[in-house]
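Spelled out from the first residue to the last, the chains are:
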Amino acid sequence: QLQFVESGGGMMQPGGSLRLSCASSGFNFEYSSIGWFRQAPGKEHEGVSCISGVDGSTYYEDSVKGRFTISRDNAKNTVYLQMESLKPEDSGVYYCGDVVTVQTMCMMTRFGGYDTWGQGTQVTVSS
């Protein structure tokens, strides 16, 4: 079983940048597809980005394409989310977790249908 700890959030002005880290513990991290989700107050979790554990292919929500980059360092059991040109609508609590793989592609669905989340890391984009 993989466990995840998110870090790197904070407050940033619009147009700024942040890098989030998702540190994992457990076995077989390199074979797991990992996704980032975010939750705004009063809203459900939404998928932001994921990276495949099969071939490294990535997915981005339309609203973050061209601004966010997901990557992984399997030697460190860590997935990163580089966020640039931040907008107020990017604000929320960001969570990471293992996600479903279909063929070789990661999907923005938690593996096993899990609906539990860790502590997350807060991102606030405001003038």
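**So, the state of the cysteines**
Working step 1: Using the criterion set out here, one finds two disulfides in the structure.
Working step 2: Across the disulfide from C22 sits C96; the S-S distance is 2.1 Å. Taking the torsion about the sulfur-sulfur bond, which here is approximately 85 degrees, the covalent link between C22 and C96 counts as right-handed. Here C96 lies in strand β9 (residues 92–102) and C22 lies in strand β3 (residues 18–25), a separation of 74 residues in the sequence.
Working step 3: Residue C22 is classed as buried on the basis of its relative accessible area of 0%.
Working step 4: Its relative accessible area of 5% is what places C96 among the buried residues.
Working step 5: Each sulfur of the disulfide joining C50 and C106 lies 2.1 Å from the other.

**What about the layout of surface pockets?**
Working step 1: Of the volumes computed, that of the largest pocket is approximately 460 Å³.
Working step 2: Surrounding the largest pocket, 21 residues form its lining, L2, F4, D98, R110 and Y114 being those nearest its centre.
Working step 3: Looking at the lining of the largest pocket, the elements that each hand over two or more residues are β1 (3–7) and β9.
Working step 4: The leading source of residues in the lining of the largest pocket is β9, at six residues.
Working step 5: Of the residues contributing to the lining of the largest pocket, the split by class is 11 nonpolar, seven polar and three charged.

**Comments concerning unusual backbone geometry**
In most cases, non-glycine residues show a negative phi, while peptide bonds are predominantly trans.
Working step 1: Positive phi values are uncommon outside glycine, yet S85 reaches one of about 50 degrees.
Working step 2: Mapped onto the fold, S85 is located in the loop between β8 (78–83) and β9.
Working step 3: For S85, a relative accessible area of 40% gives the class partly exposed.
Working step 4: Phi angles above zero are rare outside glycine, and Q103 is one such case at about 60 degrees.
Working step 5: As for its position among the elements, Q103 is in the loop between β9 and β10 (105–110).
Working step 6: A relative accessible area of 75% means that Q103 is categorised as exposed.

**Focus on the sheet that holds β1**
Working step 1: Across the sheet, which stays open at both edges, the four strands sit in the order β1-β3-β8-β7 with antiparallel pairing between neighbours. For this open sheet the edge positions go to β1 and β7 (68–73), each flanked by a neighbour on one side alone. When the angles between neighbouring strand axes are averaged without regard to direction, this sheet yields 15 degrees.
Working step 2: Of the pairings in the sheet, the one linking β7 to β8 comprises six bridges and is antiparallel in character. Bridge pairing links R72 to V79 in β8.

Reading guide: rules and limits
Residues numbered from 1 in each chain as written. Predicted model: local features only at pLDDT ≥ 70, side-chain atom pairs only at ≥ 80, totals over all residues. Heavy atoms only, no water. Disulfide = S-S within 2.5 Å. Helix = DSSP H or I, 4+ residues; strand = E, 2+ residues; numbered from the N terminus. Buried < 20%, exposed > 50% of the residue type's maximum accessible area, 1.4 Å probe, protein only. 1 Å grid on protein atoms, 1.4 Å probe; cavity = no way out; pocket = protein on both sides within 12 Å on 5 of 7 lines; lining within 4 Å. Points joined across faces, edges and corners; volume = space filled by probe spheres on them. Nonpolar A, V, L, I, M, F, W, Y, C, P; charged D, E, K, R; others polar. Pairing = 2+ DSSP bridges. Axes fitted to C-alpha atoms, helices over the stretch in contact; angles between N-to-C directions.

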